[in-house]
2 protein chains.
Amino acid sequence: MSDLLSEKTPIRARHIRPGQGQAVEVKTGQLLQIQTLQGKQVADFVAFTQGDTDEFLSTSVTRASNANIVPQSGMTLYSNRRQPMFEIVEDTVGRHDMLYACCDPVRYETLGAPGHANCREALAEALAGYGLGYDRIPSPINWFMNVAILARGELEIREPLAEKNDYVVLRALKDVVAGVSACPQDLVPTNGSNPTDLAVRVYRDAPLPPPPVMEAAPVPTNDTAAATAPILASKPGPRPAKLQSTAEATVYRVGRVDSGEAS
Amino acid sequence: MSDLLSEKTPIRARHIRPGQGQAVEVKTGQLLQIQTLQGKQVADFVAFTQGDTDEFLSTSVTRASNANIVPQSGMTLYSNRRQPMFEIVEDTVGRHDMLYACCDPVRYETLGAPGHANCREALAEALAGYGLGYDRIPSPINWFMNVAILARGELEIREPLAEKNDYVVLRALKDVVAGVSACPQDLVPTNGSNPTDLAVRVYRDAPLPPPPVMEAAPVPTNDTAAATAPILASKPGPRPAKLQSTAEATVYRVGRVDSGEAS
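Cut-off values and rules
- Residues numbered from 1 in each chain as written.
- Chains lettered and ligands numbered in written order.
- Predicted model: local features only at pLDDT ≥ 70, side-chain atom pairs only at ≥ 80, totals over all residues.
- Heavy atoms only, no water.
- Helix = DSSP H or I, 4+ residues; strand = E, 2+ residues; numbered from the N terminus.
- Buried < 20%, exposed > 50% of the residue type's maximum accessible area, 1.4 Å probe, protein only.
- Contact = heavy atoms within 4.5 Å.
- Salt bridge = Lys/Arg side-chain N within 4 Å of Asp/Glu carboxyl O.
- Phe/Tyr/Trp six-rings, centres within 6.5 Å; stacked < 30°, edge-to-face > 60°.
- Lys NZ or Arg CZ within 6 Å of the ring centre and 35° of its normal.

1. Overview of the environment of Leu37 of chain A
All names here are of chain A.
Link 1 in the chain: Relative to the helices and strands, Leu37 is located in the loop between strand 3 (31-36) and strand 4 (43-49).
Link 2 in the chain: By relative accessible area, Leu37 is classed as buried at 16%.
Link 3 in the chain: It is 16 Å that separates the C-alpha atoms of Leu37 and Thr190, two residues lying 153 residues apart in sequence.
Link 4 in the chain: Beyond its immediate stretch of four places on either side in the chain, Leu37 contacts His15, Lys164, Asn165, Asp197, Leu198, Ala199 and Arg201.

Written out as structure tokens, the structure reads:
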């Protein structure tokens, strides 16, 4: 089996419907891909060290250690013990959130929808086999969630920029158990007001194939992010150059995503 | 004892030196004051529900529920179960952080100072009597910490804007045990490169005294925050009107602090 084939054949795969959560074990060096199958779907993501779940992915340590609030390609994600847990090795979008808590029952009560499916309970249920309950679900990374930060620190939830089959790939730097939920939020624009399915796949680590023919970078057409003004409210730069296409996905190879002009 | 006298006489007080942590119990309705005695000193702050420490102050729920990343007067602080824990009832500064993790041993190893005093261990030690260890210290609110957020999400630690005797007052909305540490960081500008002492006091809830003679608002003179540009990098507006002065502190009565022009 070639490295390339191993890259293309996941050793583990999960399909996640809105409101569902899944636990996925990932060993050191393996690659974890999280993909929005229809686009505009947020994946709430938490992770714990296998066999020592008091250590978990910490968004505050990750923000502090990277001196940045936006998860982006090349970034290392840290645990609450400030140990590296993941590296973001590919990202076809460049706009994600690590500020928001999971949606939960109280959130939906406030929105007039008691009993609504929610990420917090979905993740707790998915991770129950690891001894992790509702209170131990940490602050998540929300892949594909598009949160604008306005001039006085106000947060505004906007439609994700992620299109059909966009994804992120993480390399595990520890043996971890990850929890992923497809956010069922349909009352605000978190998921483009229409929650859809996610795919999660685990691959053996392998060198990525060399770039074949580089094509010109297409310009994004989504205008919804351009509204008011400042930080993280601007459109991201041109999409990364296309690397390869498969039946399943258009694959972009990205470096550090340039998210627009400094203001 | 008049309401006013009760307001002036704390029922519990702690003096905290840099690198120390203290646990303070606060009952529902009581007021918790955290004060920088020399100015420019950060107070790392965590809190747990008394008798049920699986519930704790959550910065991610607080950000989400307020749709804002900056703690400010009038804001409610929420637990990981999305229950109100505190209300910020006074704030003489208007610039605090709820993005950064506590400093910890690994942080100082990275800075070439292994074994340096740190907030994480100080809080764990202070809260050990409540069964809370190192791994259970949550993401803190960092009172008086001045973090600029630049255009692409970069975070930049700057000198606190807090001057001598500036403070915040929180009203407890639950019976809580709070942990407060005086950050000993002296290698970056977190504490103006010179960590100093904090005071923490608990007061019975009581109406604040009516404003006596209102004086003109002094204009802030600190220029260090004006540097590069965008969000949360601007100077806050004029200081709130002076309310009263005591031998111990100059007291400002603030409403919602206006933190500068929208960009």
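2. Digging into the pattern of salt bridges
Residue and element names in this part refer to chain B.
Link 1 in the chain: A complete count under the given rule lists 18 salt bridges over all chains for this structure.
Link 2 in the chain: Ionic pairing is found between Glu159 and Lys40, a salt bridge with its closest N-O pair at 3.5 Å. In this pair, Glu159 is assigned in the loop between strand 10 (155-158) and strand 11 (167-172) and Lys40 in the loop between strand 3 (31-36) and strand 4 (43-49), connecting sequence segments 119 residues apart.
Link 3 in the chain: Residue Lys40 is classed as partly exposed on the basis of its relative accessible area, which comes to 24%.
Link 4 in the chain: The shortest N-O distance in the salt bridge between Arg136 and Asp54 comes to 3.1 Å. With Arg136 in the loop between helix 4 (119-126) and strand 8 (141-143) and Asp54 in strand 5 (residues 52-56), this residue pair connects regions lying 82 residues apart in the sequence.
Link 5 in the chain: Taking the relative accessible area as the measure of exposure, Asp54 reaches 38% and is therefore partly exposed.

3. Considerations on the packing of aromatic side chains
All names here are of chain A.
Link 1 in the chain: Scanning the model with the defined rule gives six aromatic pairs over all chains in all.
Link 2 in the chain: Through pairs of rings, three or more aromatic residues link up here, namely Phe45, Phe86 and Trp143.
Link 3 in the chain: Over the ring of Tyr134 we find Arg120; its NZ or CZ atom is 4.6 Å from the centre of that ring.

4. Quick word on unusual backbone geometry
Link 1 in the chain: Even without glycine at this site, Phe144 of chain A takes up a positive phi of about 75°.
Link 2 in the chain: By the element assignment, Phe144 of chain A lies in the loop between strand 8 (141-143) and strand 9 (146-149).
Link 3 in the chain: With a phi close to 60°, Arg82 of chain B is a non-glycine residue in the positive phi region.
Link 4 in the chain: Exposure remark for Arg82 of chain B: the relative accessible area of 8% places this residue in the buried category.

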